[in-house]
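# A look at the structure
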Amino acid sequence: MFAPVYFDNNATTPLDKRVLEAMLPYLSDQAGFGNPSSRHDYGRRARQAIDEARQQVAAAAGADPTEVVFTSGGTEANNLFIKGVAAGIKPGALPLHLAISAIEHPCVREPARELARQGWQLHEIAVDNFGRVDEDDYAQALARKPRLISVMLANNETGTLQDISKLAQQALAAGSWFHTDAVQALGKLEMNFRELNAAGLHAMSISAHKISGPKGAGALLLDKRVDIRPLIAGGGHERGLRSGTENVAAIVGFGRACELLRTRLAQGTAELLALREQLEHGLLQLGAIIFALGAERLPNTVYFALPDIDGETLVGKLDRAGYAVASGAACSSANPEPSHVLRAMGVAAELARGAVRISLGSANSAAQVADFLSVLGDTVFKLRRMTALAG
Ligand code: PLP
């Protein structure tokens, strides 16, 4: 079977074989199929498996197992925090304020905008040219004493990192509940919920399928002092915060994927950085503009545009040439609008329409990057010639 080279690891990652092996007993008629709430041996085994996964997830993120609320993924974890905290706040003195950064993933932005439609005052915090939260605008947001704040740890498009510890500390005086979407950070850099919690962070979202785990599992790591209401009410699973019979196999897979991170992080970062450097060097030689170059970024992410080349067209040509890359964020590829992240960074709409993201993974090699650069060079040459002929 023809298998294109996979350069889209921020969209999702291939399932690790060891994760699949851990999941299989809970997907078959072996002893793991029970309902974790049942009071018999089948149920107990499923419950034990979830407990173990909770410990594995907590250990990977530096949290306590009792702070892990399993969800169906990052989207639900983000929605749970924003809508759940809002639901727990008594209106009191109006208007209520909330603040998010202008570069959040749609699964933070949309629930925040939903609250705005219900009467909340939403401050979308500006970012600089590198995609980092603008200090002055953040200070203005804090002056309004927002009840909740959400700023992502690592951006899915550019890979830009925020100094969450500092931002959370600054938010302490405002008395806000502070959340970070760490879906793209987990597994790509060292991070620790406990340390960030000590600085002033209250909640963090993570997702299994970005770390070689299964789709459909994630978690909100949550400081127990936060007053939060569930999105899904029912039998009271997950400390009453997320009812519904647990997706045992996916949760087990999430736990195993978290356990495997320990070795992966130590070995992987230097290799990814070397590949990223090779890729960026080649791209710059082709005349590419690399977004957020020079900012502290995820080691695997390169987001670029070639002037006068449309991003969607390039992604299509590369797909046919055997390379899986993304134009803008994968979730919004159907949306022809240029990336809101790049627009917030002050990138002109025309250049932003050329954006292509490469997100490397542990399966990629220097030879793949070298071949890719040569194919890209040919493709760009042909596209430019076509444009010149048409003009
Ligand atoms: N947050 C970020 C930054 C993401 O990149 C994604 C997925 O692309 C999500 C949240 C959503 O996570 P999930 O796919 O687990 O719902």
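Values in this document were obtained by computation on a predicted structure and should not be read as measured data.

Reading across the sheet, the 7 strands line up as β2-β8-β7-β6-β5-β3-β4 and stay open at both edges, with mixed pairing between neighbours. Edge positions in the open sheet fall to β2 (68–71) and β4 (121–125), since each of these has one partner strand only. Adjacent strand axes in the sheet meet at a mean angle of 20° when their direction is disregarded. Inspection of the sheet shows strand β5 (residues 148–150) paired to strand β6 (residues 177–181) by 3 bridges, in the parallel sense. Bridge pairing links L148 to W177 in β6.

Attention now goes to the confidence of the model for the protein. Per-chain confidence: the protein averages 94 in pLDDT, with 97% of residues scoring 70 or above. Here residues 329–333 is modelled with pLDDT under 50, and outside its nearest four sequence neighbours on either side it reaches 7 contacts, counting other chains as well.

Time to look at the environment of P25. As for its placement among the helices and strands, P25 is situated in the loop between α1 (17–23) and α2 (41–61). In this structure, the C-alpha to C-alpha distance between P25 and V252, residues 227 residues apart in sequence, is 10.0 Å. Excluding anything up to four places from it in sequence, P25 contacts Q30, G32 and F33.

Calculation rules
- Residues numbered from 1 in each chain as written.
- Predicted model: local features only at pLDDT ≥ 70, side-chain atom pairs only at ≥ 80, totals over all residues.
- Heavy atoms only, no water.
- Pairing = 2+ DSSP bridges.
- Helix = DSSP H or I, 4+ residues; strand = E, 2+ residues; numbered from the N terminus.
- Axes fitted to C-alpha atoms, helices over the stretch in contact; angles between N-to-C directions.
- pLDDT = per-residue confidence, 0-100.
- Contact = heavy atoms within 4.5 Å.

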